[in-house]
Amino acid sequence: MAETTITHAAPFARYSLRARTPQALEQVTGLKLPRKINNARGDVICLGPDEWLALLPDGAKLNMGDGLPVSIADISYRQIGIVIEGPRAVELIAAGCPLDVARIPVGYATRTIFELVEIILWRQAETRIHIEVWRSFAPWLCEALQRSSVD
Amino acid sequence: MMRYSAFSLFAQALKKHQDWPEFWPDAAPKPAYDAIIVGAGGHGLGAAYYLAKKYGIRNVAVIEKGWLGGGNTGRNTTIIRSNYLYDESAHLYDHAVKLWDGLSQDLNFNVMYSKRGVMMLAHNVHDIQSFKRHIHANRLNGVDNEWLTPEQAKAYCPPLNISPDARYPVLGAALQRRGGTARHDSVAWGYARAASGLGVDIIQNCAVTGIRRGSDGAVQGVETTRGYIAAKKVGVSAAGNTSVIMDMAGLRFPLESYPLQALVSEPVKPVFPCVVMSNTVHAYMSQSDKGELVIGAGTDQYVSYSQRGALHIIEHTLAAITEIFPFTARMRMLRSWGGIVDVTPDRSPILGKTPVPGLYVNCGWGTGGFKATPGAGDLLAYTMAHDAPHRINAPFTLERFRTGRLIDEAAAAAVAH
Amino acid sequence: MFLIHCPYCDEKRPENEFAYAGEAHIARPADPSALDDKDWESYLYIRANPRGRHHERWRHIHGCGRFFNAVRDTVSDKFESTYKAGEPRK
């Protein structure tokens, strides 16, 4: 059986996008935003009714929309990405996440928790899950994931 | 009432212990009493006992919707201490600790008060400063509390890990030696038996359904599932259900009721000599005389009357317990349960008169009412007998939420206790 | 652990993702200094705390981040419904 691996994701340019309507953000940034909460479209995840997260190629710059009723913040260094890949990826996450991870469809992405740590979980493929976690929680989370992979 | 003694034990032994009388008779309600206490927990039974014993009101009934001692009296972790920060609280809780001393003799019933000491662990500079402040404040109020170095703490409680490498190192501890535990059922039974012996009626399976008031607004009696019972003085000592009963008298209270859980391990030989609390790790533990490790969890976050809590709360508690006491990691937990605690905005109780003449209240003890059982009973009885609060409970009014004179002990309740 | 239906995500999600935020539909007085002590006490401290239907606020803090309202039975702990903030009391 193929091994399930836990690795650091490549660096991203991360932007937190907030506005009352997705159209306002699309006009400013030129990005296509998903409309459905907890879904990803391309590089962008819809986290809530007024909140999106863009994971763009490292170094990408966005128009920050100065003076417009939008909030676009560069959070590239606030969090890091962890990729879990392999046939048991779902099981690994289920060890600490109260969501029914096995039933989450590909393309689903949401903010949730792992034990007591807040994460963003993105199912990119049947056997690939991308996790975003705040930098200061990352060592603990990696340790917890490693241990659950040993279990 | 039979007086328990070595002689009574010997006499009963000769009869092969077949002839012990019941602790108290289960009474049926009479049409009228001089005073009624709502709620047959330790606090309510204590109030009835002191009304009859100290304040000369013997025509008293205690009415209870379930069974005696089946509410929070039977659902707590039996911790006794009085090391509270503010003067008002220190006097209130220490009044109770003074009554715990000698309670077994007073009731002629062993409540198993054990002064094994309550130790609060300091894990960081903030803890040290805060505990030392408590110690100084307590001493000014005549409440014993002392600072221990890690080595002294270890000598007092050998299972403690004082290694500086620990995840939460023990930098010292505050110890109240008069603190400890008592046997919760014995407290309820002891008060019930003694009160019953003085003529108090204890009426179980009798829920209050209404409070009848006269044209002057004063209390005339209570409607119950077993009929109307008249009384000019009604004391409500109903913990988590206080809001519901006060609503019957047209009063709205600053209370919210939350589930609070506790759990015990399988019984083991004596390994844990005192009560240890850690506010930082959010855990506390003691060992009962039966050998079970008694562990208190936190409250659930939402209002509920369900008398059960969620499993993830217990999970967090056990994670904290195994963090500071790794030896518990392989023990099995035997039972867990929940009670409904009534919490006030300032985490101090409400004990005194209400705007309705003849209606008195003892509530809002939140997560830590057991320790106050004799004191709360005595002060509720005093307030009912004199229609005025004792100077100890005078600050614990309902009006303080209007005047702003709060007694903010929220820090004392960092861990449910 | 509850499974709570978030009206914004339109999904049932585990209680761990939510923070309870007290009784619902308590509006902050528009002009606090015009209130007397009794009304201010009532706003700050007095709570319904009913045995039965309870209107309460929750926040999907580890999810979409939104506050919303719920009706729950405090004896059975069963949720009757949840609805978006700003919608009328159910």
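Everything discussed here concerns the structure shown above.
Residues numbered from 1 in each chain as written. Chains lettered and ligands numbered in written order. Predicted model: local features only at pLDDT ≥ 70, side-chain atom pairs only at ≥ 80, totals over all residues. Heavy atoms only, no water.

Trainee: An account of the overall build of chain B is needed here, citing residue identities and associated values.
Mentor: Secondary structure summary: chain B contains 11 helices and 19 strands in total. Reported as C-alpha extents along the three principal axes, the dimensions of chain B are approximately 70 × 65 × 40 Å. Across the 417 residues that make up chain B, the buried fraction comes to 59%. Considering only contacts in chain B between residues 6 or more positions apart, those separated by 24 or more positions represent 75%. Within the structure as shown, chain B displays about 16,600 Å² of accessible surface, and the carbon and sulfur contribution to it stands at 53%. Computing the positive centroid from 41 side-chain charges and the negative centroid from 34, chain B places the two 3 Å apart. (Helix = DSSP H or I, 4+ residues; strand = E, 2+ residues; numbered from the N terminus. Buried < 20%, exposed > 50% of the residue type's maximum accessible area, 1.4 Å probe, protein only. Contact = heavy atoms within 4.5 Å. Areas by Shrake-Rupley, 256 points an atom, 1.4 Å probe, with all protein chains shown as cover. Lys, Arg positive; Asp, Glu negative; His and termini not counted. Charge placed at Lys NZ, Arg CZ, Asp CG, Glu CD.)

Trainee: Help me get a handle on the interface of chain B and chain C, residues and values and all.
Mentor: Counting from both sides, the interface comprises 25 residues of chain B and, opposite them, 26 residues of chain C. For the pairing of chain B and chain C, the buried interface totals around 2,200 Å² over both sides, and the portion due to carbon and sulfur atoms is 47%. Counting across the chain B and chain C interface gives one salt bridge. Note that E41 of chain C and R402 of chain B form a salt bridge whose closest N and O atoms lie 2.9 Å from each other. Joining chain B to chain C, the criterion identifies 14 residue pairs in polar contact (both at pLDDT 80 or more). Broken down by secondary-structure element, the contributors of at least two residues to the side of chain B that touches chain C are α8 (242-248), β13 (256-265) and α11 (400-403) of chain B. Split by residue class, the side of chain B that touches chain C holds 12 nonpolar, seven polar and six charged. (Buried area = accessible area lost by both parts, 1.4 Å probe. Salt bridge = Lys/Arg side-chain N within 4 Å of Asp/Glu carboxyl O. Polar contact = N/O pair within 3.5 Å; in protein donor to acceptor, adjacent residues only side chain to side chain. Nonpolar A, V, L, I, M, F, W, Y, C, P; charged D, E, K, R; others polar.)

Trainee: Residues and numbers for the environment of N205 of chain B, please.
Mentor: Residues and elements named next belong to chain B. Within the fold, N205 resides in the loop between β8 (201-203) and β9 (208-213). By relative accessible area, N205 is classed as exposed at 56%. Placed 60 residues apart in sequence, N205 and S265 show a C-alpha to C-alpha distance of 31 Å. Among all residues touching N205, those that are not within four sequence positions of it are E64, K65, G66, T225 and R226.

Trainee: Outline the sheet that holds strand β14 (residues 275-278) of chain B, listing residues and values.
Mentor: All names here are of chain B. Here eight strands make up an open sheet; going across it, the order is β5-β6-β4-β14-β15-β16-β13-β17 and the pairing mixed. The sheet terminates laterally at β5 (146-148) and β17 (333-343), the two strands that pair on one side only. Here the strands of the sheet are splayed against their neighbours by 25 degrees on average, with no regard to which way each runs. Note: β13 against β17, 10 bridges, orientation antiparallel. Bridge pairing links L260 to G339 in β17. Relative to strand β16 (residues 293-299), helix α9 (residues 311-324) is tilted by about 130 degrees, and along the sheet it contacts β13, β14, β15 (283-287), β16 and β17. (Pairing = 2+ DSSP bridges. Axes fitted to C-alpha atoms, helices over the stretch in contact; angles between N-to-C directions.)

Trainee: Give me helix α1 (residues 6-14) of chain B: which residues, what numbers.
Mentor: By the N-cap criterion, in which a side-chain oxygen at the helix start approaches the backbone nitrogen of a residue two or three places on, α1 of chain B is capped by S5 of chain B, the distance to F7 of chain B being 3.2 Å. Of the residues one or two after α1 of chain B, K16 of chain B is the one with positive phi, at around 55 degrees.

Trainee: Tell me about the sheet that holds strand β5 (residues 67-73) of chain C, and name the residues and values.
Mentor: Residue and element names in this part refer to chain C. The four strands lie next to each other as β3-β4-β5-β6, forming an open sheet whose pairing is antiparallel. The two strands at the open ends of the sheet, each matched to only one other strand, are β3 (19-23) and β6 (79-84). Here the strands of the sheet are splayed against their neighbours by 30 degrees on average, with no regard to which way each runs. Sheet analysis places β3 next to strand β4 (residues 53-59), joined by three bridges and oriented antiparallel. For Y20, the partnering residue across the bridge sits in β4 and is W58.

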